[in-house]
Amino acid sequence: MSGDLVVEGLTREFRLPRRGLWGRSATLRAVDDVSFTVPAGQILGLVGESGCGKSTTARLVLGLIPPSAGKVRFGGHPVSARIDADWRRMRRRIQMIYQDPLSALDRRLTARHQIEEPLVVHADNLSPAQRAARVDEALEHVGLSRTMAERYPHELSGGQRQRVVIARALVLEPALLVCDEPVSALDVSVQAQVLNLFQNLRRKTGFTSLFISHDLKVVRQVADRVAVMYLGRIVETGAPEDVFHRPAHPYTQALVSAIPDPRHRGRKRILLEGDPPNPADVPAGCAFHKRCPAARAECKTLRPTLLPKGARSVACHLVHPPWGQ
Ligand code: SF4
């Protein structure tokens, strides 16, 4: 059971409180006209600096918050934030893996109890014996023994805890897994194990996934396609070999230049000047122009659109010149 995830024109604004008695309230556009499709059974890696709108996109895709504009469809059905029977049916098919396994788990309950919990809530037609069998199956999928399942979160290592979180997400046999920084809290060696596990499970169960990370190395290992986000917008999207080896957007080039890669020994690290601009005060034109080493005069006024260029899409005037070259 799987389906395409289709996101169209997704936008989410937040109203910020007024500054002082006479100050005007501002609007922060955390996600701005984002569109992408993740074909059934594939993984889209969404990357970008912290605060670029990745996690808000995840919450919108999960239907945890309503969009200001745009829509999300999964397997042909709309995902909405309205809690009704449709939402419950859909939530069962869509699961989330969070960044910090310790805070995602209840310290007072054993691993087994926590893996079984979603079945109690969403699959009340199952008998206790059937639930126990499903928990055992999920444990086997993630490589945890039954003895381990009787332990409490503080008795498990970081990697084992994240396996429990993954088993809990998988026990309902989800068709879509949204992962928000699923390995950032883990050691590098444990990260590799969990990423391998994730890939194997995807092959076995065929789920579709939106995989969010600030770490390009992590995304390179798992994604079938990559989307790079900057200040709420997607600026480049393509196959990992294109995005990581021949990045087209200057922002992607800077991100990629920071990854040590023996195939690109001579590649110079591109250091971006300044911090990302305030999302409540996005510059006119290209939002990246104040930090872009290749910016031209037109970039200050003309906003680039994400347009196809071969097998990828890029939002940059150098790739799609508005000055007609
Ligand atoms: Fe840089 Fe201009 Fe391209 Fe924006 S549009 S990334 S400022 S060159």
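Scroll up a little and you will see the structure.
As the structure is a computational prediction, the values presented were derived from the model and not from experiment.

**Describing the overall build of the protein chain**
Helix and strand counts for the protein chain stand at eleven helices and twelve strands. Taking 20 Å as the expected radius of gyration for a compact globule of 325 residues, we find that the protein chain reaches 21 Å, a close match to that expectation. With respect to the three principal axes, the spread of C-alpha positions in the protein chain is 70 × 50 × 40 Å. Counting over 325 residues, the protein chain shows a buried share of 50%. For the protein chain, the share of sequence-separated contacts (at least 6 apart) that also reach a separation of at least 24 residues comes to 64%. Total accessible area on the protein chain is roughly 16100 Å²; 50% of this is exposed by carbon and sulfur atoms. Each charge class in the protein chain can be summarised by its mean position, and for the 46 positive and 32 negative side chains these summaries are 4 Å apart.

**Here's the deal with the sheet that holds strand S1 (residues 5-15)**
Read from one edge of the open sheet, four strands run S2-S1-S4-S5, paired in antiparallel fashion. Each having just a single partner strand, strand S2 (27-38) and strand S5 (77-78) make up the two edges of the open sheet. Across five bridges, S1 lies against strand S4 (residues 69-74) in antiparallel orientation. Within the sheet, the bridge partner assigned to valine 6 lies in S4 and is arginine 73.

**Side note on the site of the ligand**
Around the ligand sit 13 residues, and of these Cys286, Cys292, Cys299, Cys316 and His317 come closest. Across the shell around the ligand, the residue classes break down as ten nonpolar, three polar and no charged.

**A short note on the sheet that holds strand S9 (residues 225-230)**
The mixed open sheet is built from eight strands, whose spatial order is S6-S7-S8-S3-S9-S10-S12-S11. Taken across any chain shown, the strands that pair with only one partner, and hence form the sheet edges, are strand S6 (94-97) and strand S11 (307-309). Mean inter-strand twist for the sheet, computed between neighbouring axes without regard to direction, equals 25 degrees. Note that strand S10 (residues 233-238) and strand S12 (residues 312-314) share two bridges and pair antiparallel.

**Comments concerning the environment of leucine 170**
Structurally, the position occupied by leucine 170 is in helix H7 (residues 158-170). Every residue in contact with leucine 170, bar those within four places of it in the chain, is listed here: Val142, Leu177, Leu201 and Phe207.

**Considerations on the side chain of threonine 208**
Mapped onto the elements, threonine 208 comes out in strand S8 (residues 208-213). A polar side-chain atom of threonine 208 sits 3.0 Å from the main-chain amide nitrogen of glycine 41.

Analysis parameters
- Residues numbered from 1 in each chain as written.
- Predicted model: local features only at pLDDT ≥ 70, side-chain atom pairs only at ≥ 80, totals over all residues.
- Heavy atoms only, no water.
- Helix = DSSP H or I, 4+ residues; strand = E, 2+ residues; numbered from the N terminus.
- Rg over C-alpha atoms; globule rule 2.2 N^0.38 Å.
- Buried < 20%, exposed > 50% of the residue type's maximum accessible area, 1.4 Å probe, protein only.
- Contact = heavy atoms within 4.5 Å.
- Areas by Shrake-Rupley, 256 points an atom, 1.4 Å probe, with all protein chains shown as cover.
- Lys, Arg positive; Asp, Glu negative; His and termini not counted.
- Charge placed at Lys NZ, Arg CZ, Asp CG, Glu CD.
- Pairing = 2+ DSSP bridges.
- Near = heavy atom within 4 Å.
- Nonpolar A, V, L, I, M, F, W, Y, C, P; charged D, E, K, R; others polar.
- Axes fitted to C-alpha atoms, helices over the stretch in contact; angles between N-to-C directions.
- Polar contact = N/O pair within 3.5 Å; in protein donor to acceptor, adjacent residues only side chain to side chain.

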